[in-house]
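Architecture at a glance
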Amino acid sequence: MELSLENINLIPLLLKRIDELSMKLETSNTKRWLNVKEVAEYLGYSKDRIYKMKDEHFIEGVHFHNRTGKILFDRVAIDSWVVGKDDRETDYTQRQVVDNVLSSIKEI
């Protein structure tokens, strides 16, 4: 790789950008609770779209929590929702299995 002296003035800008990216990676990997703006950025939607999705798709207590007027989204639940997993479906399926086992025991 060849570095010309003409581009040496770009080094401070590159270092700043590396620091910014590093900070974003740190906060995105460790922060579980996201506000509306953060979940919009995380999913690549507008804040208005997030509010609409909250009303139509997200379940309070599963995907988000409303604490004293502030809506906080659970990143883990949002990730599960994005890949098509729903905790309610899992609970229902497990309940079905238990009910079926109990029903078969009763019949014996």
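Just so it is clear, the model here is predicted, and its values are computed rather than measured.

About the cut-offs
Residues numbered from 1 in each chain as written. Predicted model: local features only at pLDDT ≥ 70, side-chain atom pairs only at ≥ 80, totals over all residues. Heavy atoms only, no water. Core = buried A, V, L, I, M, F, W, Y, C linked by side-chain atoms within 4.5 Å. Buried < 20%, exposed > 50% of the residue type's maximum accessible area, 1.4 Å probe, protein only. Helix = DSSP H or I, 4+ residues; strand = E, 2+ residues; numbered from the N terminus. Contact = heavy atoms within 4.5 Å. Pairing = 2+ DSSP bridges.

Grouped together as the largest cluster of nonpolar side chains are eleven residues: L34, V36, V39, A40, I50, M53, F58, F64, I71, F73 and I78. When residues of this core are traced back to their parent elements, those giving at least two are α2 (36–43), α3 (47–56) and β3 (70–74). With sequence-adjacent residues up to four places away left out, V36 is seen in contact with K47, I50, Y51, I71 and F73.

This next bit is on the sheet that holds strand β2 (residues 64–67). An order of β1-β3-β2 is seen for the three strands of this open sheet, with the pairing classed as antiparallel. With one partner strand each, in any of the chains shown, β1 (33–34) and β2 form the two edges of the open sheet. Pairing geometry for β1 and β3, over two bridges, is antiparallel. Residue pairing for β3: L34 is matched across the bridge by F73.

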